[in-house]
Amino acid sequence: MPTSSEPDAPALTLVGPWILNKGDDLMMRAVLEHCGDRRIGAPRELWPAGVPKRLVPQMLPPHAGEFRASLGRPALLARLAAKRTILQFAEARAPYWFGAAPTHGLSALLDCSGFAYGDTWSPARILQRHGYYHGLRQRGVRIVFLPQAMGPFEKPDVRNAARRLFALGDLIYARDEDSLAYLRGLDLPEHVRLERCPDITHLLDGTPPKTPGWERRVAIVPNARMTDRTSPERAGAYLDFLVWAAEVARAEGCEPCLMIHESNDAGIVTELNARLAAPLPVHDVDAVATKGILGACRAVVASRYHALVSTLSQGIPAIGTSWTHKYDRLFEEYGHEGALLRPEVDADRLEAHLQAAIRAPSRTALVARLSAAATAQKDRVRAMWDTVDAELWQAGASGSLADRDELGRASQPRV
């Protein structure tokens, strides 16, 4: 296979990650790590869902090299204002913040959105990306959707927008059977290849914690979506469910702690600690350090999807809650369906599951079963990358060096 320095190495762009979400951060790093391992070179552009440019370098892994950040215009001024980063956004002087995302010189686009297409969300993002992707298709750029959750597509405006967008794809990977069924229901053109594969972060290693004692800790990872995207009954019971998890962990001789997996969850962490007689320590570290900590814990109670992937993929017992189908399918993949609980009705089951995750010998058997399932998941991700690599190299072989030089010039920020 050619090396990244040869003329026909594919020139890539990566679209989708919002780096302030640690799950998205892990997905981006997984792509970059794979590119480095396979010597196809890191993507030349990043079009994240709105991150001040000054924040990006400290979040990129060391081997990112020439990886440059640019900003699209996915209607994020409100989000940035809420985070008081409007000034930083303006100072970034990013070349694409008015929607002029890179088009010249690309061989392929990798869409790594995680969960962005479906009735849960507005069709505005889909329509914006359709315009961009359509322009790329006209230039012969290959479009690959990496494994992500999608659907359902019952709302007419979302369904129509999704059909138009996905019709531009060459290769689309759904993370689960539900998402794959939703895609098939769109009646896409025959040239669009639909496949299924687990989440790409299965292959990404975390950074082990330097401090000792994690083997006796139970990490609790909350998710604000459990309060704003679920039924009133589930939302109302959620915090009490997490309080009970902390109390059970303490009763079992473990030290519970809280972990923030997305900045939006800081408020619910504060509210949870206010309900506890003895507040829990809160850990908010970078994405790979977070994965390392989850892999060192005795057990994890989590409501963030990638926190659960990070836990299960390392063979650590996890108890989860769900607000969308991607959680149910993840636990099925691991044969661990019984540990996905409903806060409004399963509080009594929480104690039994957490005890089984903490106590030996039940934990030993559970770790062995989860580790075997994780190995199978990782093998499927490797097979997926083999298929994607073939698509990327085919795209690179047909790319224009002159166009790639043009991309290099066009991507330089204007001062």
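### Comments concerning empty space enclosed by the protein
Counted according to the given criterion, the structure contains 2 cavities of 30 Å³ or more. Roughly 60 Å³ of volume is contained in the largest cavity. Residue contributions to the lining of the largest cavity peak at 4 residues, all from helix α13 (residues 325-333). Across the lining of the largest cavity, the residue classes break down as 3 nonpolar, 2 polar and 6 charged.

### Some remarks on the packing of helix α9 (residues 232-251) against helix α14 (residues 347-358)
In contact at an axis separation of 10 Å, α9 and α14 are set at 35° when each is read in the N-to-C sense. Judged by the twist between their axes, the crossing of α9 over α14 is right-handed. In contact with Phe-241, Trp-244, Ala-245, Val-248 and Ala-249 of α9, α14 contributes Ala-347, Leu-350, Glu-351, Leu-354 and Ile-358. Each residue belonging to the contact of α9 with α14 can be placed in one class, and the counts come to 9 nonpolar, no polar and 1 charged.

### Points about the sheet that holds strand β11 (residues 299-302)
Pairing is parallel in the open sheet, where 5 strands are placed in the order β10-β9-β8-β11-β12. Every other strand in the sheet has two partners, leaving β10 (282-283) and β12 (318-320) as the edge strands with one partner each. Direction of pairing for β11 relative to β12: parallel, over a ladder of 3 bridges. Looking across to β12, one finds that Ala-302 is bridged to Gly-320. Packed onto the sheet, helix α11 (residues 287-294) meets β8 (217-221), β9 (255-259) and β11 and runs at close to 160° relative to β9. Where α14 meets the sheet, its contacts fall on β8, β11 and β12, and the angle it forms with β11 comes to roughly 145°.

### Considerations on the confidence of the model for the protein
Averaged over all residues, the pLDDT of the protein is 82; the fraction at 70 or higher stands at 76%. Low pLDDT (under 50) marks residues 1-7, which in the prediction has 15 contacts with non-local residues, meaning those over four places away or in another chain. When the criterion is pLDDT under 50, residues 47-100 qualifies, and its contacts beyond four places in sequence or with other chains add up to 108 contacts.

### Concerning the environment of Ala-161
By secondary structure assignment, the location of Ala-161 is in helix α6 (residues 156-166). Overall, the relative accessible area of 3% leaves Ala-161 in the buried class. Placed 37 residues apart in sequence, Ala-161 and Ala-124 show a C-alpha to C-alpha distance of 8.6 Å. Apart from the residues lying within four places of it in its own chain, the contact partners of Ala-161 are Pro-123, Ile-126 and Leu-127.

### Observations regarding unusual backbone geometry
For the bond running from Gly-151 to Pro-152, omega is -5°, close enough to zero to count as cis. Mapped onto the elements, Pro-152 comes out in the loop between β5 (142-148) and α6. Although it is not a glycine, Asp-187 sits at a positive phi angle of roughly 55°. Along the chain, the position of Asp-187 falls in the loop between α7 (177-184) and β7 (193-196).

### Remarks on the nonpolar core
The biggest cluster of nonpolar side chains holds 58 residues, and the ones touching the most others in it are Val-218, Ile-220, Val-300, Val-301 and Leu-354. Looking at which element gives the most residues to this core, the answer is α9, with 9 residues. Setting aside residues no more than four positions away along its own chain, Val-300 makes contact with Ala-219, Val-221, Leu-294, Thr-311, Ile-316, Pro-317, Ala-318 and Ile-319.

About the thresholds
- Residues numbered from 1 in each chain as written.
- Predicted model: local features only at pLDDT ≥ 70, side-chain atom pairs only at ≥ 80, totals over all residues.
- Heavy atoms only, no water.
- 1 Å grid on protein atoms, 1.4 Å probe; cavity = no way out; pocket = protein on both sides within 12 Å on 5 of 7 lines; lining within 4 Å.
- Points joined across faces, edges and corners; volume = space filled by probe spheres on them.
- Helix = DSSP H or I, 4+ residues; strand = E, 2+ residues; numbered from the N terminus.
- Nonpolar A, V, L, I, M, F, W, Y, C, P; charged D, E, K, R; others polar.
- Axes fitted to C-alpha atoms, helices over the stretch in contact; angles between N-to-C directions.
- Left-handed = near helix turned anticlockwise from the far one by under 90°.
- Contact = heavy atoms within 4.5 Å.
- Pairing = 2+ DSSP bridges.
- pLDDT = per-residue confidence, 0-100.
- Buried < 20%, exposed > 50% of the residue type's maximum accessible area, 1.4 Å probe, protein only.
- Core = buried A, V, L, I, M, F, W, Y, C linked by side-chain atoms within 4.5 Å.

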